[in-house]
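Structural description and commentary
This is what each chain is made of:
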Amino acid sequence: MTTQHQSVTKGPATPVAGTLLDVRGLGISFATPDATVSVVRDVSFRVAQGECVGLVGESGCGKTVTGLALVGLLPFRSSRFEGQILLDGEDLLSLRESQWRKRRGRRIGMIFQEPMSALDPVFTIGEQIGETLRTHFDIGRAEARKRAIDALDKVGIPEPATRYNAYPHELSGGMRQRAMIAMAISCEPSLLIADEPTTALDVTVQAQIMDVLAEISARSGMAILFISHDLGLVSQTCSRIVTMYAGEVVENGAADDVLVRPRHPYTSGLLRSLPSFTQRKGRLNSISGRVPRPGDFSDGCRFEERCTHAQPECSRRQVLLPLPDGRLARCRRSAELDLPGVDT
């Protein structure tokens, strides 16, 4: 058993060429008064410099917990980790809490799901961005104000000098989300974790937010890990898709390949659940059942009870299998199944 907030390292911490973020065999569990509960197991994926990768799955699949682990925001006293999180070759799981403060915001930025709960209501937008800048740079208030206004301008907020003095409640939902992005990019991090950045926004504002993120990434070379349950948005913005189910990665591949011909039944089920303009009558497709809760995870395939392709051998633990097209799938039958995607 690992000690408090201590990781068990697997393999050498040698960075892969061109890779910015390299997550290797990440396991996350939480200590409770009764037991230690595993919520994430054997999660591995990479994000290259300037790349946008989508991390998808239903609520409860472990996406947000994984994202919080990447920025060191899980509780230090009760969290247990296995594996490695390498950022430019540095294992982030080996950092102490005081060391995290120097990297969080500066090297890794994060956009949270709900800006009203993430932004402090008693400070202006400008004060909050300025505080972030002064934490990581040796600059005065005047320079911090200048950089904060520039960040607000970059995310498309009109009259940024005026909005600098606004409180969160004085902004619309779309403007608050843009302010969150401005705070996240103000220190020019090399990696941005975007956790459901368009939740509760109308489709027009969603498109504007995603355009802002794509433009910033193209201009600065910033990599993005886009955490979402919205496969429609992911398909428009990400070059690769990583599918999670019940705390495990079940598929990992190029977005176009995953969308057209998924290799895991769960990914196929998610794609078939998307509304279609060609389907004018009948019920929408859905996946029966629900994601099991941590503590109720199966020792075998965690999707077995909901899978229409399950066979007796699926009751044994599944591993990520490499496929000829370079993808990975956690399914013994991935090579033989012809699973429908968005266009089939």
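Being a predicted model, the structure only gives us computed values, none of them experimental.

Calculation criteria
Residues numbered from 1 in each chain as written. Predicted model: local features only at pLDDT ≥ 70, side-chain atom pairs only at ≥ 80, totals over all residues. Heavy atoms only, no water. Helix = DSSP H or I, 4+ residues; strand = E, 2+ residues; numbered from the N terminus. Rg over C-alpha atoms; globule rule 2.2 N^0.38 Å. Buried < 20%, exposed > 50% of the residue type's maximum accessible area, 1.4 Å probe, protein only. Contact = heavy atoms within 4.5 Å. Areas by Shrake-Rupley, 256 points an atom, 1.4 Å probe, with all protein chains shown as cover. Lys, Arg positive; Asp, Glu negative; His and termini not counted. Charge placed at Lys NZ, Arg CZ, Asp CG, Glu CD. pLDDT = per-residue confidence, 0-100. Pairing = 2+ DSSP bridges. 1 Å grid on protein atoms, 1.4 Å probe; cavity = no way out; pocket = protein on both sides within 12 Å on 5 of 7 lines; lining within 4 Å. Points joined across faces, edges and corners; volume = space filled by probe spheres on them. Nonpolar A, V, L, I, M, F, W, Y, C, P; charged D, E, K, R; others polar. Salt bridge = Lys/Arg side-chain N within 4 Å of Asp/Glu carboxyl O.

This next bit is on the overall build of the chain. When helices and strands are tallied, the chain shows 11 helices and 13 strands. For 344 residues, the compact-globule estimate of 2.2 N^0.38 gives 20 Å, and the C-alpha radius of gyration of the chain, at 21 Å, lies within 12% of that figure. Over its C-alpha atoms, taken along the principal directions, the chain stretches across nearly 65 × 55 × 40 Å. For the chain, the proportion of its 344 residues judged to be buried stands at 51%. Within the chain, contacts between residues separated by at least 24 positions form 67% of all contacts whose residues are at least 6 apart in sequence. For the chain, the accessible surface area stands at approximately 16,500 Å², while carbon and sulfur atoms represent 50% of it. The positive charge centre, built from 41 side chains, and the negative charge centre, built from 40, are 2 Å apart in the chain.

The next thing to look at is the confidence of the model for the chain. In low-pLDDT regions, the fine details of the predicted coordinates are not to be read closely. Taken over all residues, the pLDDT of the chain has a mean of 89, while the share at 70 or more is 92%. This stretch, residues 6-12, has a pLDDT under 50; its non-local contacts, to residues over four places away or in other chains, come to 18 contacts.

Take the pairing of strand β11 (residues 248-254) next. In terms of burial, β11 is a largely internal element, six of the seven residues being buried. Relative to β11, strand β10 (residues 240-245) runs antiparallel, the two being bridged by six bridges. If you follow M244 over to β11, its bridge partner there is V249. As judged from the two bridges shared by β11 and strand β13 (residues 328-329), these two strands associate in the antiparallel manner. Residue pairing in the sheet places N252 in a bridge with L328 of β13.

Let us now look at the layout of surface pockets. Considered as a void within the structure, the largest pocket measures approximately 630 Å³ in volume. In this structure, the largest pocket is lined by 18 residues; those nearest its centre are R104, G105, F112, T132 and M183. Of all the secondary structure elements, the ones that give two or more residues to the lining of the largest pocket are β7 (108-111), α4 (125-136) and α7 (173-185). Class assignment for the residues of the lining of the largest pocket results in nine nonpolar, six polar and three charged.

Quick look at the pattern of salt bridges now. Scanning all chains against the criterion turns up 19 salt bridges. In this structure, the salt-bridge partner of E248 is R41, at a minimum N-O distance of 2.4 Å. One end of the pair, E248, is in strand β11; the other, R41, is in strand β3 (residues 36-48), with 207 residues separating them in the sequence. Its relative accessible area of 3% is what places E248 among the buried residues. Classification of R41 by relative accessible area gives buried; the value is 18%. The partner of D150 in a salt bridge is K154, and the shortest N-O contact between them spans 3.6 Å. Taken as a pair, D150 and K154 lie in helix α5 (residues 141-154) at a separation of four residues, close to a single helical turn.

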